[in-house]
Amino acid sequence: QKHWFLLEALRRLPANDTIIFLDAFDNLFQRPLDAAVEAYYRLAGPFAMNGRLPVIYGGERNCWPFGHDGQIPVWDLHNKSAKEPRWVHTIPKEASRPAPNNITYRLSPTEFVENRHVCSRWLSQQHAFDESRGIATLGKAAPFPFLNTGTFIGQVASLR
């Protein structure tokens, strides 16, 4: 329902307006909204394409809604024969919520991934991407390594 509301709002707003979307009711802005918009332009500006700024999504510490035990192995995707992960990412107990573990997702007609492996796959791909860009992760993920699609900021034109 919230996404239908957002879609309707996007249809009526000017293309260059900026939207801050939060799908929660327990948020507190501690600075003026103008400060958030200024920070968005500063961060997104260098990545503008064809006059459009990218949408910036929030991150979170938990890999919701995918099941895990709080210890997520990060594998070397360039070494398919590896028997041990490169490192293990730990989700803090206060950030972890239980989720079902018995779901399988189809990634392509021939590729499937079990729910409990989604978080590991995500972190492993992010780690490999960072290495390809020459960014050393030194055996740890960013503080908020998982995507939170319920928190984002972007221009109306980029969100349409």
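Structure first, text after, so check above.
What you see is a predicted model; the values in this text were computed from it and never measured. (Residues numbered from 1 in each chain as written. Predicted model: local features only at pLDDT ≥ 70, side-chain atom pairs only at ≥ 80, totals over all residues. Heavy atoms only, no water.)

Asker: Which parts of the structure should I look at to understand the layout of surface pockets?
Answerer: Taken as a whole, the second largest pocket encloses approximately 450 Å³ of empty space. Around the second largest pocket sit 20 residues that line it, and Ile20, Phe29, Ala36, Ala39 and Ile153 are the ones nearest its centre. Where the lining of the second largest pocket is concerned, the elements lending two or more residues are β1 (18-22), α2 (33-44), β2 (56-60) and β7 (146-155). In terms of residue count, α2 provides more of the lining of the second largest pocket than any other element does, six residues in total. (1 Å grid on protein atoms, 1.4 Å probe; cavity = no way out; pocket = protein on both sides within 12 Å on 5 of 7 lines; lining within 4 Å. Points joined across faces, edges and corners; volume = space filled by probe spheres on them. Helix = DSSP H or I, 4+ residues; strand = E, 2+ residues; numbered from the N terminus.)

Asker: Teacher, can you tell me more about the state of the cysteines here?
Answerer: Two cysteines, two sulfur atoms, one covalent bond between them: this is a disulfide. Scanning the entire structure with this criterion turns up one disulfide. In this model, Cys63 is linked to Cys119 through a disulfide, with the two sulfur atoms separated by 2.1 Å. The S-S bond linking Cys63 to Cys119 shows a torsion near -105°; that makes this disulfide left-handed. In this pair, Cys63 sits in the loop between β2 and β3 (71-74) while Cys119 sits in helix α3 (residues 118-132), placing the two residues 56 residues apart along the sequence. (Disulfide = S-S within 2.5 Å.)

Asker: Please explain the pairing of β7 as it appears in this structure.
Answerer: On a regular strand, one side chain projects to one face of the sheet and the next to the other, so that they alternate. β7 sits mainly inside the fold: seven of its 10 residues count as buried. Across five bridges, β1 lies against β7 in antiparallel orientation. Pairing of Phe21 across the sheet is with Phe152, part of β7. Where β2 and β7 come together, five bridges link them in antiparallel fashion. Bridged to Ile56 within β7 is Ile153. (Buried < 20%, exposed > 50% of the residue type's maximum accessible area, 1.4 Å probe, protein only. Pairing = 2+ DSSP bridges.)

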